[in-house]
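# Tertiary structure, described
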Amino acid sequence: MPTPRCAKPERPLLDRYDLYERCVQSPRAMVRFLAAAHGGRPRLLREDFSGGAALCKAWVADASGRRAIAVDRDPEPLRRVAGVPGIVVRRADVHNPGDRADVIAALNFPLGYFHERASLLRYLRLSRARLRRGGVFVGDIYGGRSAFTPGTRRVTLRTPEGVRVRYEWDQRRADTLTGRVENAIHFTVYDQRPPRRLRDAFTYDWRLWSLPELRDAYAEAGYTHVDVFDQEAGAMDHLGNLHLTPVREGADLGDDWVVYVVGRR
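No experiment lies behind these values; they were computed from the predicted model shown. (Residues numbered from 1 in each chain as written. Predicted model: local features only at pLDDT ≥ 70, side-chain atom pairs only at ≥ 80, totals over all residues. Heavy atoms only, no water.)

### Some details on the overall build of the protein
What counts, and what does not: Per the convention used, a helix needs a DSSP run of H or I reaching at least four residues, while a strand needs a run of E reaching at least two, with both numbered from the N terminus. The quantity called the radius of gyration is restricted to C-alpha atoms. Its globule counterpart is 2.2 Å times the number of residues to the power 0.38. When a residue's accessible area, from a 1.4 Å probe over protein chains only, is under 20% of the maximum for its type it is buried; when over 50% it is exposed; and in between it is partly exposed. In short, Shrake-Rupley with a 1.4 Å probe defines the accessible areas, and a residue's cover is counted only from the protein chains shown. Asp and Glu count as negative and Lys and Arg as positive, but His and the ends of the chain are not part of the count. Taken as the charge centre is NZ of Lys, CZ of Arg, CG of Asp or CD of Glu, depending on the residue.
In terms of regular secondary structure, the protein is built from 6 helices and 13 strands. Against the globule reference of 18 Å for 265 residues, the protein gives a C-alpha radius of gyration of 20 Å, in line with a compact fold. When the 265 residues of the protein are sorted by exposure, 45% land in the buried category. Surface exposure of the protein reaches about 14500 Å², of which carbon and sulfur atoms provide 48%. In the protein, the 44 positive side-chain charges and the 34 negative ones have mean positions that sit 5 Å from each other.

Written as structure tokens, this is what we have:
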């Protein structure tokens, strides 16, 4: 009589927030960058426009005693981290939370949601006021030769769960006169037949601020020191500490780039 085989447990279907975290973000690496940008022993992170709060989860997991605040207006992704030890959930506009933090992060280009300079300045000033002494605010932006060129970029990868996913970055419209771009993210997930297609999983209407515009806005908002770091900014020492080198004037960022703009209170 043949030995019965146990059925393999079904893998849970990855939703759009799972896919975003796996295909777009690198939260563990970013946590190391944020700590190095602060330069001290930061304890409290506030993640604005947090979505599924992947950064908050990585922050509290990285070192004991760390806490994080996830801020977003959308209740759906915030439910994913409700009750996670060390994380406080704030369903609110990013202008409203009064929590003070060592590090405030607005990453994956949300500064582009501010289409007017006055609204960008307001947010930067409020964020500076909510930093503890010596704290840093970190935002990012992309640019380069193809920043205002419509088109689609596709990458196929495999998630830690072993699921094959095709990730598409779709820049639909771009206007160099206004700096406005309209983008979308699509996923094709090969975890069943036929594959699942998540078209317009996320859509964006951003203004792509130039680096001089952002640096000027940070300075006008009152940040005492503003540095720009590219994605090759850090070097790890033998103890696992990350040491950062800012981009210097005259440096070549290459054809297409992503940079992090760090303002210190």
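Now that the structure has been shown, the text picks up again.
### Digging into the packing of helix H2 (residues 27-38) against helix H3 (residues 54-62)
Let me state the cut-off plainly: Comment: axis = line fitted to C-alpha atoms, over the contacting stretch for helices; angle = value between 0 and 180 degrees taken between N-to-C directions. To sort the angles, those under 35 degrees are grouped as roughly parallel, those over 145 as roughly antiparallel, those from 65 to 115 as roughly perpendicular, and the leftovers as oblique. Two helices that cross are described as forming a left-handed crossing if the nearer one is turned anticlockwise from the farther one by less than a right angle, and a right-handed crossing if clockwise. Contact criterion: two residues are considered in contact whenever any of their non-hydrogen atoms come within 4.5 Å of each other.
In the contact formed by H2 and H3, the axes pass within 9 Å of each other and the chain directions differ by 70°. Taken together, the axes of H2 and H3 lie roughly perpendicular to each other. Every pair of crossing elements has a handedness; the one defined by H2 and H3 is right-handed. Of the residues in H3, those touching H2 at Pro27, Arg28, Met30, Val31, Leu34 and Ala35 are Ala54, Leu55, Ala58, Trp59 and Asp62.

### A few points about the environment of Ala54
Along the chain, Ala54 turns up in helix H3. The spacing of Ala54 and Glu21 is 33 residues in sequence and 6.6 Å in space, taken between C-alpha atoms.

### So, the side chain of Glu168
Selection rule: Side-chain atoms alone can form a polar contact between residues adjacent in sequence; in general such a contact is a pair of N or O atoms within 3.5 Å, and within protein one must be able to donate a hydrogen while the other accepts it.
Here Glu168 lies in strand E7 (residues 164-175). Take Glu168: its relative accessible area is 3%, and that puts it in the buried class. One polar contact links Glu168 to Arg197, side chain to side chain, over a distance of 2.5 Å. Excluding residues that lie within four positions of it along the chain, Glu168 makes contacts with Thr152, Arg153, Arg154, Ala184, Ile185, His186, Thr188 and Arg197.

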